Amino acid sequence: MNYHLFQIVNGAAGRSDLVDDVFEWSAAWLIYVLVATAAVPVLAHLRHGRAALMRVVASLGLAFAVGQAVAALSTEVRPFQTHTVHQLIPHAAGASLPSDHATAAFAVAFAVGAFLSRRWGVALSVLATIIGFARVWTGVHYPGDILAGALIAAAAVATIGVVGRAYERRTSRRLDTTA
């Protein structure tokens, strides 16, 4: 099913230079727009939300670490290594699962949404989805690689959220007993 979905998306590539150019740009550069956009809610919370900002950073770090561990264990290679594809952007051969771009993009989007601003999180999630789709369109990832990145990001954000709440409860109990 993963390869079948890949064929549907990547099979449409190569038919329109304009559409290909948009997805090539999105696959390579939209992540920088996502990070710059995420800076807006981050900067808005600098003075009053240090704990929330730390959770955003911790979520990204945890998602990256888990993604690297999954990649080290994965035997899934990139689509262009085993199939004839429309590869529209250059990429080194190697592990395909999970997509680093998708993991990072969704981790930032989900963390901003969970810890800073739901509205900004939704907007960033749309950008992350476009990035993921573009990575498939350009032939460097399977849809499952993108889904794995999104799931790793969601799990990292959820884990950091649970740990952060537990820390806050423990800290507030300490303050209550010392007062």
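Here is a short report on the structure shown in this document. Values in this document were obtained by computation on a predicted structure and should not be read as measured data. (Residues numbered from 1 in each chain as written. Predicted model: local features only at pLDDT ≥ 70, side-chain atom pairs only at ≥ 80, totals over all residues. Heavy atoms only, no water.)

**Observations concerning helix 6 (residues 118-137)**
Two residues of an α-helix separated by three or four positions point the same way, owing to the 3.6 residues in each turn.
So, step 1. Over its 20 residues, helix 6 runs 28 Å from end to end, which matches the ideal 28 Å to within 8%, given 1.5 Å per residue.
So, step 2. G121, L124, S125, L127, A128, I131, G132, A134, R135, V136 and W137 are the residues of helix 6 that are buried. (Helix = DSSP H or I, 4+ residues; strand = E, 2+ residues; numbered from the N terminus. Expected span 1.5 Å × (residues − 1). Buried < 20%, exposed > 50% of the residue type's maximum accessible area, 1.4 Å probe, protein only.)

**Description of a nonpolar patch on the surface**
So, step 1. A cluster of nonpolar side chains, contributed by W25, W29, Y32 and V33, occupies part of the molecular surface with about 450 Å² of accessible area.
So, step 2. Examined against the element boundaries, Y32 turns out to sit in helix 2 (residues 17-44).
So, step 3. Given a relative accessible area of 53%, Y32 falls into the exposed group. (Patch = residues over 30% accessible without salt bridge, like charges linked within 9 Å, V, L, I, M, F, W, Y side chains within 5 Å. Areas by Shrake-Rupley, 256 points an atom, 1.4 Å probe, with all protein chains shown as cover. Salt bridge = Lys/Arg side-chain N within 4 Å of Asp/Glu carboxyl O.)

**Describing the packing of helix 3 (residues 50-73) against helix 5 (residues 100-115)**
So, step 1. Axis separation between helix 3 and helix 5 bottoms out at 9 Å; the angle between their running directions is 155°. The pairing of helix 3 with helix 5 is recorded here as roughly antiparallel in orientation. Crossing of helix 3 over helix 5 shows right-handed handedness. Within the contact between the two elements, helix 3 uses A52, R55, V56, S59, L60, A63 and Q68 and helix 5 uses D100, T103, A104, A107, V108, A111, V112 and F115.
So, step 2. For the contact of helix 3 with helix 5, a count of residues per class yields 10 nonpolar, three polar and two charged. (Axes fitted to C-alpha atoms, helices over the stretch in contact; angles between N-to-C directions. Parallel < 35°, antiparallel > 145°, perpendicular 65-115°, else oblique. Left-handed = near helix turned anticlockwise from the far one by under 90°. Contact = heavy atoms within 4.5 Å. Nonpolar A, V, L, I, M, F, W, Y, C, P; charged D, E, K, R; others polar.)

**Focus on the environment of T84**
So, step 1. Mapped onto the secondary structure, T84 falls in the loop between helix 4 (79-82) and helix 5.
So, step 2. Spatially, the C-alpha atom of T84 lies 9.9 Å from that of Q7, the residues being 77 residues apart in sequence.

**A word on the environment of R135**
So, step 1. Mapping R135 onto the fold places it in helix 6.
So, step 2. Since its relative accessible area comes to 3%, R135 is described here as buried.
So, step 3. Separated by 114 residues in sequence, R135 and D21 place their C-alpha atoms 13 Å apart.
So, step 4. R135 has contacts with A27, I89, H91, H101, V140, H141 and I146, leaving out every residue within four places of it along the chain.
So, step 5. In terms of polar contacts, R135 uses its side chain to reach the side chain of H91, at 3.4 Å. (Polar contact = N/O pair within 3.5 Å; in protein donor to acceptor, adjacent residues only side chain to side chain.)

**A word on helix 5**
So, step 1. An ideal rise of 1.5 Å per residue puts 22 Å on 16 residues; helix 5 measures up with 22 Å between its terminal C-alpha atoms.
So, step 2. Burial in helix 5 covers these residues: A102, T103, A105, F106, A107, V108, A109, A111, V112, G113 and F115.
So, step 3. Between the side-chain oxygen at the start of helix 5 and the backbone nitrogen of H101 there is a gap of 3.4 Å, and the oxygen is on S99.

**Examining the pattern of salt bridges**
So, step 1. Using the criterion set out here, one finds one salt bridge in the structure.
So, step 2. E168 is paired through a salt bridge with R55; the nearest N and O atoms lie 2.8 Å apart. Taken together, the residues span a long stretch of sequence, with E168 in helix 7 (residues 143-178) and R55 in helix 3 at a distance of 113 residues.
So, step 3. Residue E168 is classed as partly exposed on the basis of its relative accessible area, which comes to 40%.
So, step 4. The exposure class of R55 is buried, given its relative accessible area of 15%.

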